[in-house]
Amino acid sequence: MTDRIAEREETAVAAPRIDWIPILLTVGVALVALPLIGSFSTWMTLTVAALAMGMIIFIMASGLTLVFGLMDVINFGHGVFISVGAYMSLLVLWPLTGWVESPSIWLNIAVLVLCILVAMAISGLFGLAFERVIIRPVYRQHLKQILVTMGGLIIIEQLLHVFFGGSPITIALPQNFRGGLAIGPDIIVERYRLIAVVVGVIVFLAMMLVLNRTRIGLLVRAGVENPEMVEALGYRIRRLFVGVFVAGSALAGLGGVMWGFYQQTLTVGMGLQVLVLIFIVVIIGGLGSIGGCLIGSLLVALVANYTAFLEPKVALISNIALMLLVLMWRPQGLYPVVKV
Amino acid sequence: MLSRVLSGDYPRSPILTAALLVILFALALAPFLFPGAQPLNVAAKICVFVLLVASYDLLLGYTGIVSFAHTMFFGIGGYGAAIVLSRLGPSWSALALGIIAAIVVAGTLALLIGLFSLRVRAIFFAMITLAVATAFLVLASQLSGFTGGEDGLNYSVPEILRPSFRLFDAPLFGTVVNGRIITYYIVFFAALAGFLLLLRVVNSPFGSVLQAIRENEFRAEALGYPVVVYRSIASVVSAVMAALAGFLLALWLRYTGPDTTLSFAIMIDVLLMVVIGGMGTLYGAVIGATLMTVAESYLQTILGSLGKLGAGAGIPFVSTLLSADRWLLWLGILFILSVYFFPTGIVGKLRTHWLNRKNKALQKRSGSASNK
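Residues numbered from 1 in each chain as written. Chains lettered and ligands numbered in written order. Predicted model: local features only at pLDDT ≥ 70, side-chain atom pairs only at ≥ 80, totals over all residues.

Details of the overall build of chain A
Assigned secondary structure in chain A consists of 15 helices and 4 strands. Radius of gyration (C-alpha) of chain A: 21 Å, near the 20 Å computed for a compact globule of 340 residues. Dimensions of chain A, computed from C-alpha atoms along their principal axes, come out at roughly 65 × 50 × 35 Å. In chain A, which comprises 340 residues, the share counted as buried stands at 47%. (Helix = DSSP H or I, 4+ residues; strand = E, 2+ residues; numbered from the N terminus. Rg over C-alpha atoms; globule rule 2.2 N^0.38 Å. Buried ≥ 20, exposed ≤ 12 C-beta atoms within 10 Å, placed from the backbone.)

Have a look at this one:
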């Protein structure tokens, strides 16, 4: 009896321990790249750019890994929510062109925040409908989930075609976010990348806080462990899951806005293109792990940037190679969460 | 005899049997029944896609794993033919080398992917194959020195297969038997042989184990069947067949490029064909591939004219919703509906329909017998 209590206490203490090896690995990759690149300022520019890129990837991927980790639903339609988010920012950008071109930084920030809010709201709504119509009948059936979410992806993508047309749409960054910023001798960082880092850090901290420090987060985590018990205690687990799915879709929408501004060109297929990258990231990070998703995003972005500088041909397959290496080392990803 | 050819797997529904026979005869006699380049093109495409979709069904329908790399193997077959023919010139030995190389590459790659990802979780397989296939597509369109890049490769085929070649001096049944028709028959018979071989595979003890794995992985493992090994073999067989299909397409088109073999659109087509035709029945591949290919070739124009009608009536968005480019929208809806409401597809529906009728007739007969 006492043994069991002691054991429980031990696991309770052991739970928040952080596995440092993947984090050190990411830092190690950056450090190894330094002598290979040779010049410190080039290395610094590449690294900062990669960190920003990694943050955008993280925002896009976090929703997918959240939904999978908590609901055990693999959403191949996630990519299309990214496109939806990006296109919805047009609804703000078209009427508010004056704010975009305005020299006032506050109006610029306001327009970005508005874009984000609108995109998150609408892709969240899409998520609500998507969960209700497409995913609900196929809970716990992975094969069918892959098929129907793929079908949902095709449908929403085609609807975007209908309403926005098939040709690429260029969008302009708000006035003050354009161009670069010198943060040291010969080190120039695009301003927008700094904003991406800020947004990414906010998203990461918010997710961590909600999941680990609030009642809803507690319920969600409990629901993952033992849904029947949570239900028996009087909570509606379905509603909880719907909320998680909507949050995941809204995150995809947010990622879509950030990605759209980053590319400055919107195409209907952009979500599907980036979906592959997102899959690689969540596989590397470990399906369902949010910390792993962050590390995976940064690792992928760093490796992609360094190889693109050192050996452009290799960069074409650097992501895949990285994924295979990680899987050889840890077949479940860097931070294994999901039970096989 | 017929049982041997079909490996004991009959269509088990009169409507299905009739449909299959019609398709078989139409394809077998296509050059004589439907003269002209366009219908023959459609017929050849159907043959290739029947084989491709059937090989995909071995994975999706029989083994229960989703792969998004099937077009990659299709492409390996296509590029196998394209690269040898454009490098070594149009000779039969080059063709033989091409197909052997394609089979070896496709098989090895499938085995590697399988060993990497099949031991973890089925979901990983879907995601990893998607990633690998995308990387392959990027490589094929970037390494232009080797693959021709975005433009693809044009090449000529051995002399007998060229349009200018005549097998007989006089036309046969009103059709000139030229190299194109010979090529068509090579495609047709190779696809038929491949299909029958796949039918043999799924109806063998090996195929039964695959279905057992699909139904209950743990039980199959507990009964002593190494699941990973079986799945890997299934994925290798499927990859080799897809490569063969790609090879046939390359032979027919005399052109191979990323759009004809590797693009994601083809992967989606294949998925739709399998699901609409019927997962877990190879005859579903025949029905699905034929319906979709014919519809894609002819129905798009009908949809387009419907859309113009709608625009004429002044209803907004109807013309865009119904335009020929938006045909994927309707297919997507059909796809989801079929996954929900008839997961066994057209073939499954026909079979259960026939089974119910037979059972009812049996009950009636036994009912009237007991009354006496």
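Thoughts on the overall build of chain B
Across its full length, chain B carries 18 helices and 2 strands. With the principal axes as the frame, chain B shows a C-alpha extent of 75 × 55 × 55 Å. Relative to its full complement of 372 residues, chain B shows a buried share of 46%.

Overview of the packing of helix 3 (residues 40–71) of chain A against helix 11 (residues 237–263) of chain A
All names here are of chain A. Running from N to C, helix 3 and helix 11 cross one another at 165°; their axes reach a closest spacing of 7 Å. Comparing their axes, helix 11 and helix 3 come out roughly antiparallel. Considering how the two elements wind past one another, helix 3 and helix 11 form a crossing that is left-handed. Partitioning the contact of helix 3 with helix 11 into residue classes produces 18 nonpolar, 5 polar and no charged. (Axes fitted to C-alpha atoms, helices over the stretch in contact; angles between N-to-C directions. Parallel < 35°, antiparallel > 145°, perpendicular 65-115°, else oblique. Left-handed = near helix turned anticlockwise from the far one by under 90°. Nonpolar A, V, L, I, M, F, W, Y, C, P; charged D, E, K, R; others polar.)

Side note on the confidence of the model for chain A
All names here are of chain A. Looking at chain A, pLDDT values average 85 and 94% of them are 70 or higher. Considering each helix and strand of chain A separately, the mean pLDDT is smallest for helix 1 (residues 2–14), with a value of 48, and largest for helix 4 (residues 78–93), with 92. Low confidence marks residues 8–14, where pLDDT is under 50. Its contacts with residues over four positions away, or in another chain, come to 0 contacts. (pLDDT = per-residue confidence, 0-100. Contact = placed C-beta atoms within 7 Å.)

Description of the environment of B:Ala26
Relative to the helices and strands, B:Ala26 resides in helix 2 (residues 14–28). C-alpha of B:Ala26 to C-alpha of B:Gly288: the two residues are 262 residues apart in sequence and 16 Å apart in space.

Here we look at helix 7 (residues 142–164) of chain A
In a regular helix each residue adds 1.5 Å, so 23 residues correspond to 33 Å; helix 7 of chain A covers 32 Å between its end C-alpha atoms and thus fits that length. In the segment just after helix 7 of chain A, A:Gly165 is the residue with positive phi, at about 80°. (Expected span 1.5 Å × (residues − 1).)

Some points on the environment of A:Leu147
Turning to its location among the elements, A:Leu147 is positioned in helix 7. Taking C-alpha positions, A:Leu147 is 9.6 Å from A:Asn75, a pair spaced 72 residues apart along the chain. Excluding anything up to four places from it in sequence, A:Leu147 contacts B:Val275 and B:Val339.

So, the environment of B:Leu334
All names here are of chain B. With respect to the helices and strands, the residue Leu334 is situated in helix 17 (residues 327–341). What makes Leu334 partly exposed here is the crowd of 14 C-beta atoms within 10 Å. For the pair formed by Leu334 and Leu272, sequence separation is 62 residues and the distance between their alpha carbons is 8.9 Å.

Side note on the interface of chain A and chain B
Interfaces are often sized by the amount of accessible area the parts lose when they come together. With 31 residues of chain A in contact, the opposing surface of chain B contributes 34 residues. Elements with a minimum of two residues in the side of chain A that touches chain B: helix 7, helix 12 (270–285) and helix 15 (318–329) of chain A. With 15 residues, helix 7 of chain A is the largest single contributor of residues to the side of chain A that touches chain B. When its residues are assigned to classes, the side of chain A that touches chain B shows 24 nonpolar, 6 polar and 1 charged.

A short note on the confidence of the model for chain B
Here chain B averages 86 in pLDDT, and 92% of its residues register 70 or above. ipTM for the predicted complex: 0.82, alongside a pTM of 0.87.

Structural notes on unusual backbone geometry
Residue and element names in this part refer to chain B. Unusually for a residue other than glycine, Arg12 sits at a positive phi of about 60°. Secondary-structure assignment places Arg12 in the loop between helix 1 (2–5) and helix 2. You can call Arg12 partly exposed: it has 16 C-beta atoms within 10 Å. Unusually for a residue other than glycine, Arg254 sits at a positive phi of about 55°. One can find Arg254 in the loop between helix 12 (227–253) and strand 2 (255–256). By the C-beta count within 10 Å, which is 20 here, Arg254 ends up buried.

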